[in-house]
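# Descriptive structure summary
One-letter residues, chain by chain:
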Amino acid sequence: MAEAAGADWLHVDVMDGHFVPNISFGAPVMRGLKTLVEETNTPFDVHLMIAPIDPYLEAFAEAGADIITVHPEAGPHIHRTLQAIRGAGMKAGVALNPGTPVEAVAPLLDDVDLVLVMTVNPGFGGQKFIPASLDKIARVRQRLDAAGSKATLQVDGGVTADNAADCVAAGADALVAGTAVFRGGPSAYADNIAALKGR
Ligand code: ZN
C-alpha cells in the first residue's frame, strides 16, 4: 500500500534487541514483504541495526535486499563488511548515529553508495527529530561533494512534512519516514507521502 501511495523505496529497519534496544524482524519476514512488490521491483533498502552483521548478509541478499546499510559500531571491520555487501551484488551504505562524528565516513567514501544520517537514536519509531541534525546533514553533504562522491545522502528518524524541506535544503537526497507515512491508516498514506515530498 505504501508503494501504491507513492513511496519510491521501501526502507526496512532490522533490529536485534542487542545492538539497539528493540527487536523488529529478520530476513524471512523481509522475503515475505518482497514478494508483495515483485512485479514493480521497488528497491528494498535494508537498514541493519544488528551485531554482528557479516553472518547475516547472505540471508538478506537472498531475501531480496537491494541496498544494505550498516553502522560502523556494529563490528570491528566495517570496511570488510561494506566490501562483502557489494561483493554480494548489493549497494552498500553506512549509517551515522547521532553520536557518531561526520569524520567517520571519510575513510569509507570509496566503498559506499549511501550515507545515512540518523536524526534520532536508532531503535524505536515515533521519536522526535534531533534539531542539530540539520547541521550534520549539511556537513556530510559538504564532505561528499568535496570528495566527488555520488553516494546518496539519506536521512532517517523523526522525518515529517514539517522538517522534510529543511533536510533537503541541508543536502539530503532521500528521506526515510515511518510514522509520518503510516499515521492515519491506509487511506492517508498517499496524502502523507505527498506532504513529505512537498506536493
Ligand atoms: Zn532506518
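Residues numbered from 1 in each chain as written. Predicted model: local features only at pLDDT ≥ 70, side-chain atom pairs only at ≥ 80, totals over all residues. Heavy atoms only, no water.

## Side note on the coordination of the zinc ion
Each protein donor to the zinc ion is listed here as H11 (NE2), D13 (OD), H47 (ND1) and D156 (OD); together their distances run 2.0 to 2.2 Å. Here the zinc ion binds 4 donor atoms, and the angle range of 93 to 159° at the metal identifies the geometry as irregular. All donor residues of the zinc ion come from one chain, and their arrangement in sequence is H-x1-D-x33-H-x108-D. Of this pair, H11 sits in strand 1 (residues 10-15) while D156 sits in strand 6 (residues 152-156), and the two are 145 residues apart along the sequence. (Donors = N, O, S within 2.8 Å, 3.2 Å for Na, K, Ca; no water. Tetrahedral: all angles 85-135°; square planar, octahedral: opposite > 155°, others 65-115°. Helix = DSSP H or I, 4+ residues; strand = E, 2+ residues; numbered from the N terminus.)

## A few points about helix 4 (residues 133-146)
Over its 14 residues, helix 4 runs 20 Å from end to end, which matches the ideal 20 Å to within 8%, given 1.5 Å per residue. Its buried side turned inward, helix 4 meets strand 4 (91-96), strand 5 (114-118), strand 6 and helix 5 (164-170). Positioned one or two residues after helix 4, G148 has a phi angle of 70°, which is positive. (Expected span 1.5 Å × (residues − 1). Contact = heavy atoms within 4.5 Å.)

## Digging into the sheet that holds strand 5
One open sheet holds the 7 strands; their spatial order is 1-2-3-4-5-6-7, and the pairing between them is parallel. Each having just a single partner strand, strand 1 and strand 7 (174-176) make up the two edges of the open sheet. Across this sheet, the average inter-strand angle for adjacent strands is 25°, counted without regard to direction. Here strand 4 runs beside strand 5; their pairing, made up of 4 bridges, is parallel. Counted as the bridge partner of A95 is L116 from strand 5. (Pairing = 2+ DSSP bridges. Axes fitted to C-alpha atoms, helices over the stretch in contact; angles between N-to-C directions.)

## Topic: unusual backbone geometry
A51 connects to P52 through a cis peptide bond whose omega is -5°. Here N41, not a glycine, exhibits a phi torsion of approximately 60°, which is positive. Along the chain, N41 turns up in the loop between helix 1 (27-36) and strand 2 (44-49).

## Re the pairing of strand 5
Within strand 5, 5 of the 5 residues are buried, which leaves it mostly tucked inside the rest of the structure. Side chains L114, L116 and M118 project from strand 5 onto one buried face, and the interleaved V115 and V117 project onto a second face that is buried too. With helix 4 bridging strand 5 and the parallel strand 6, this β-α-β connection has right-handed handedness. (Buried < 20%, exposed > 50% of the residue type's maximum accessible area, 1.4 Å probe, protein only. Right-handed = clockwise from strand over helix to strand, strands pointing away.)

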